[in-house]
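Structural characterization, general
Here's the letter readout for the chains.
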Amino acid sequence: MKADESSAGPTGPDTAQLALNALGHPVIMVDQDGYITFANAEAEDFFRVSAAVLNRNRLSDFVPFGSPLLTLVDQVQERKAAFNEYRVDISSPRLGSDRLVDIYVAPVAELSGHAVVMFLERGMAEKIDRQMTHRGAARSVSGLAAMLAHEIKNPLSGIRGAAQLLESVVTDEDRPLARLITEETDRIVALVDRMEVFSDERPVDREPVNIHVVLDHVKAIASNGFAKNITITERYDPSLPPILANRDQLVQVFINLLKNAAEAIGNKSDGEIIISTAFRPGIRFSVPGTKERISLPMEFCVHDNGPGVSPDIQSIIFDPFITTKQNGSGLGLALVAKIVGAHGGVIECDSTSRGTTFRVLMPAWRERDRRGTDEQTVGQKA
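Residues numbered from 1 in each chain as written. Predicted model: local features only at pLDDT ≥ 70, side-chain atom pairs only at ≥ 80, totals over all residues. Heavy atoms only, no water.

1. Concerning the overall build of the chain
Filter applied, for reference: Starting at the N terminus, helices and strands are each numbered in turn, a helix being any DSSP run of H or I of at least four residues and a strand any DSSP run of E of at least two. Exposure classes here rest on a 1.4 Å probe applied to the protein chains alone. A residue is buried below 20% of its type maximum, exposed above 50%, and partly exposed in between. In this analysis, two residues are considered to be in contact whenever any of their non-hydrogen atoms come within 4.5 Å of each other. For every accessible area listed, the method is Shrake-Rupley and the probe measures 1.4 Å; residues are considered covered only by the protein chains on display.
A count of helical and extended segments in the chain gives 11 helices and 14 strands. Of all 382 residues assigned to the chain, the portion counted as buried reaches 38%. Within the chain, contacts between residues separated by at least 24 positions form 62% of all contacts whose residues are at least 6 apart in sequence. Counting every atom, the chain has about 21,500 Å² of accessible surface; 53% of that belongs to carbon and sulfur.

Pasting the structure below:
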């Protein structure tokens, strides 16, 4: 029986164009003479010109002379086999600086001498890789925290009790040493207590949260405490929808980020922290515990005009025990990354000598999330 053609999906060049425009990565097709014969919407943004202009030029007009990209395209056209190349620098005055990309080139069997080129910008790929690394590091600390709580805190209680007993019987000359043992024991216990937060995997109560209410609360705390001598500027998008989150945990996230910014600024006379919110097209990311992939269009930034983060630690700044502070534990940003990740979000750090920006990307609250929270509430009451 012949299939009903009216029920079949659309086909043809227009459909192919729509599909490639939805891909989210720049894609072009190059003929045997090096001319660009096709470009999707992302390619127009990538090359910063329209498809009509791209179609009138060779690929060599847009990339540096002798670029590995041109060699790769020639190789694919000659051997009629697909090839990949990673971390290719195609920076140029036309494309801009620091343009590192992964390149995927494949021949077009139906068109002799033609090759399709897809670009994946390294910035996005590396951010995703870093998020996976941060989450893995947080899980490692979870196991370490559970072990420390069991194996260290109990012996420490005995040491502290013995030190207090010694303090009551030793001479005045030795009493400061006994008190030192007690103080250092308390400090170690406090550190272990902070690490135990990482081992808490219990589900958190979530509800629709207005991020601006949270940020105003955090700003009030900062302005009357650790950042009272620093200008805090707000740049809010008032039209943002709520996010599905735990309010107390969000407060903890942004207090840590503002405190980190204030400490980076130090005693700088013109110190400023800028808190901004915006709706941006986000990358698609997996929500922990599900197979669902959602976009992260909600962007919340904390920017400071401090000296910036050392390039040596930028890629590992969210790992536990990484700190530039003299008495820092290196757990603050690791905890921030854990909380943001548990909410299905991503946190990034961009830093130069002119300042540092921590960018939190999170999903917006959706109407179907209401049903999930209602069912959770009913389950808790049952």
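2. What about the pairing of strand E4 (residues 100–107)?
For clarity, the threshold we go by: Only strands joined by at least two bridges in the DSSP assignment are considered to pair.
Inspection of the sheet shows strand E3 (residues 83–89) paired to E4 by 5 bridges, in the antiparallel sense. Looking at E4, one finds that Asp89 is bridged to Leu100. With 7 bridges connecting them, E4 and strand E5 (residues 115–121) associate as antiparallel partners. Across the sheet, the residue bridging to Val101 is Glu121, located in E5.

3. Considerations on the pattern of salt bridges
Rules: The salt bridge definition used is simple: a Lys or Arg side-chain nitrogen within 4 Å of an Asp or Glu carboxyl oxygen.
In total, this model carries 8 salt bridges according to the counting rule given. Its salt-bridge partner being Glu348, residue Arg359 comes within 3.4 Å of it at the nearest N-O pair. Pair noted here: Arg359 is in strand E14 (residues 355–362) and Glu348 is in strand E13 (residues 346–352), with a separation of 11 residues, a long-range link. Among the charged side chains, a salt-bridge network with shared partners connects Glu299, Glu348, Asp350 and Arg359.

4. Remarks on the sheet that holds E14
Whether parallel or antiparallel, the strands of a sheet pair through hydrogen bonds between backbone atoms. Condition: Axis definition: a line fitted to C-alpha atoms, limited for helices to the stretch in contact. Angles are taken between N-to-C directions and run from 0 to 180 degrees.
Reading across the sheet, the 5 strands line up as E7-E9-E12-E14-E13 and stay open at both edges, with mixed pairing between neighbours. The open sheet terminates on both sides in strands that have one partner only, identified here as strand E7 (231–235) and E13. Each strand of the sheet is rotated relative to its neighbour by a mean of 15 degrees, with strand direction disregarded. The pairing of E13 with E14 spans 7 bridges and is antiparallel. Paired with Asp350 across the bridge in E14 is Thr357. Along the sheet, helix H9 (residues 247–265) makes contact with E7, strand E9 (272–279), strand E12 (298–304), E13 and E14, crossing E12 at roughly 25 degrees. Relative to the sheet, helix H10 (residues 332–342) contacts E13 and E14, its axis offset from that of E13 by approximately 140 degrees.

5. Let's talk about the packing of aromatic side chains
What describes a pair of aromatic rings is the distance from one ring centre to the other and the angle between the planes of the rings. The condition is simple: Side-chain rings of Phe, Tyr and Trp (the six-membered ring for Trp) are treated as a pair once their centres are within 6.5 Å; stacked means planes under 30 degrees apart, edge-to-face means over 60, and tilted covers the remaining angles.
Taken as a whole and assessed by the stated rule, the structure comprises 5 aromatic pairs. Taking 5.5 Å as the distance between ring centres and 70 degrees as the angle between the ring planes, the aromatic pair formed by Phe47 and Phe62 counts as edge-to-face. In this pair, Phe47 sits in helix H2 (residues 41–47) while Phe62 sits in the loop between helix H3 (51–54) and helix H4 (68–79), placing the two residues 15 residues apart along the sequence. A single burial state applies to Phe47 and to Phe62, both of which are buried. Taken together, a centroid distance of 6.3 Å and an interplanar angle of 70 degrees make the contact between Phe254 and Phe300 edge-to-face. With a gap of 46 residues between them, Phe254 in helix H9 and Phe300 in strand E12 connect regions that are remote in the sequence.

6. Thoughts on the nonpolar core
Rules: What we call a nonpolar core is a set of buried Ala, Val, Leu, Ile, Met, Phe, Trp, Tyr and Cys residues that are connected through their side-chain atoms within 4.5 Å.
In this structure, Ile211, Ile243, Phe254, Leu257, Ile273, Phe300 and Ile347 are the most contacted members of the largest nonpolar core, which totals 42 residues. The dominant element in this core, judged by the number of residues it contributes, is H9, at 9 residues. Those residues within four positions of Leu257 in sequence are excluded, and the remaining contacts are Val302, Leu333, Val336, Ile347, Phe358 and Val360. Ranked by size, the runner-up nonpolar core spans 25 residues in total, among them Leu59, Val63, Leu95 and Val105.

7. So, the side chain of Arg359
Spelled out, the test is: A 3.5 Å cut-off defines polar contacts: any pair of N or O atoms within that distance qualifies, except that in protein one atom must be a possible hydrogen donor and the other a possible acceptor, and neighbouring residues in sequence count only when both atoms are side-chain atoms.
By relative accessible area, Arg359 is classed as buried at 19%. Only 3.3 Å separates the side chain of Arg359 from the side chain of Glu299, close enough to count as a polar contact. Beyond its immediate chain neighbours, meaning those up to four positions away, Arg359 contacts Glu299, Phe300, Cys301, Val346, Ile347, Glu348 and Asp350.

8. What about the environment of Pro64?
On the secondary structure map, Pro64 appears in the loop between H3 and H4. Measuring from C-alpha to C-alpha, the distance between Pro64 and Arg94 comes to 9.4 Å, with 30 residues separating the pair along the chain. Apart from residues no more than four positions distant in its own chain, Pro64 is found in contact with Leu70, Ile90, Ser91 and Ser92.

In short, the description is geometric, and any link to function would need to be established separately.
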